[in-house]
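One letter stands for each residue in the lines below.
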Amino acid sequence: LRRHLGARRKSSTPMGRWPIPWSLALGEAAAAVLFVVETSPLLISLDKLIAKGKGEALSACADDIAIVLADCSHLSPVADEFDRLRRASALTLNMRKTVFVPLIAGDWAVAVIEIKENTAPASWAEVEVASSAVLVSVPIGPISAAGATDAPLKKCIGRHKEIGRR
C-alpha cells in the first residue's frame, strides 16, 4: 500500500493561509500513525469477510498483507474492500508487488486459469499468479520449500567470507 499526503498549513504572516505542499517521509511517527488509522478499518473488514472455519486466514506485518482464501470466488469481496479503502483514504494496492499463490495439491495450471477467471475487478487482472512468493522473508507456496533455504544460506556464506577477510 502506498500514499502521498498533502495539506495546507496556516501561515503566521498577516496574509493568512497559504498552501505549502508537504509529504510524510517513511519512518516519521505521523506517517506510521496515519497508516495504522487508515489500514485498521481495512484489516477489520477483511477479517470479517474470511471464513475461518474453512481455513481462511489474514495476516499483516507493516504494509505486507497476506490473505489465504479457500475459494477463488472470495477474491471479489476482498477486492471490493481494497477499493473502499482506496476511495476513502487514497491508499492503493501496489499491483506490481501483489501475487496470487495457489495453495493446491492438484494441477497448478488449472488453478491459475481459475484464479484469473474469478478475479472480477479489471484492475486486478494484471496481478501475477505464481507458484511461490516471499512474504516478510517467508517463502509461500507449494513449491517454495524446495529453495526456501537457498537465499538465507547464500547470505550466511557471504557474511562468513566477509568476516574471514577482516
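Calculation rules
Residues numbered from 1 in each chain as written. Predicted model: local features only at pLDDT ≥ 70, side-chain atom pairs only at ≥ 80, totals over all residues. Heavy atoms only, no water. Helix = DSSP H or I, 4+ residues; strand = E, 2+ residues; numbered from the N terminus. Buried < 20%, exposed > 50% of the residue type's maximum accessible area, 1.4 Å probe, protein only. Contact = heavy atoms within 4.5 Å. Areas by Shrake-Rupley, 256 points an atom, 1.4 Å probe, with all protein chains shown as cover. Expected span 1.5 Å × (residues − 1). Arc of directions from axis to C-beta. Core = buried A, V, L, I, M, F, W, Y, C linked by side-chain atoms within 4.5 Å. pLDDT = per-residue confidence, 0-100.

Caption draft 1: Summary view of the overall build of the protein chain. When helices and strands are counted, the protein chain shows four helices and eight strands. In the protein chain, which comprises 166 residues, the share counted as buried stands at 22%. Of all intrachain contacts in the protein chain linking residues separated by at least 6 positions in sequence, the fraction that spans at least 24 positions is 50%. Summed over its atoms, the accessible surface of the protein chain is roughly 11500 Å², and 59% of this surface lies on carbon and sulfur atoms.

Caption draft 2: Spatial organisation of helix α2 (residues 75–89). Between its first and last C-alpha atoms α2 spans 21 Å; for 15 residues at 1.5 Å apiece the expected length is 21 Å, and the two agree. Inspection of α2 places Leu75, Val78, Ala79, Glu81, Phe82, Leu85 and Ser89 among the buried residues, and these make up the whole buried set. Along the axis of α2, the buried residues cluster in a sector spanning 155°; they form a single face. Exposed and oriented more than 90 degrees from the buried face of α2 are Arg87 and Ala88. Just downstream of α2 lies alanine 90, where phi reads positive at about 75°.

Caption draft 3: Looking closely at the nonpolar core. Ranked by size, the top nonpolar core spans 16 residues in total, and within it Phe82, Phe100, Ile115 and Trp124 carry the most contacts. For this core, the elements supplying multiple residues, two or more each, are α1 (29–49), α2 and α3 (108–118). In terms of residue count, the dominant contributor to this core is α2 (five residues). Contacts of isoleucine 115, omitting those with residues within four sequence positions, involve Cys72, Leu75, Phe100, Pro102 and Val129.

Caption draft 4: Spatial organisation of the confidence of the model for the protein chain. Overall, the prediction assigns the protein chain a mean pLDDT of 74, with 76% of residues at 70 or greater. Within the protein chain, the element-level pLDDT minimum falls on strand β1 (residues 9–10), averaging 39, and the maximum on α2, averaging 86. Note that residues 1–21 has pLDDT below 50 and, in this model, 37 contacts with residues that lie over four places away or in other chains.

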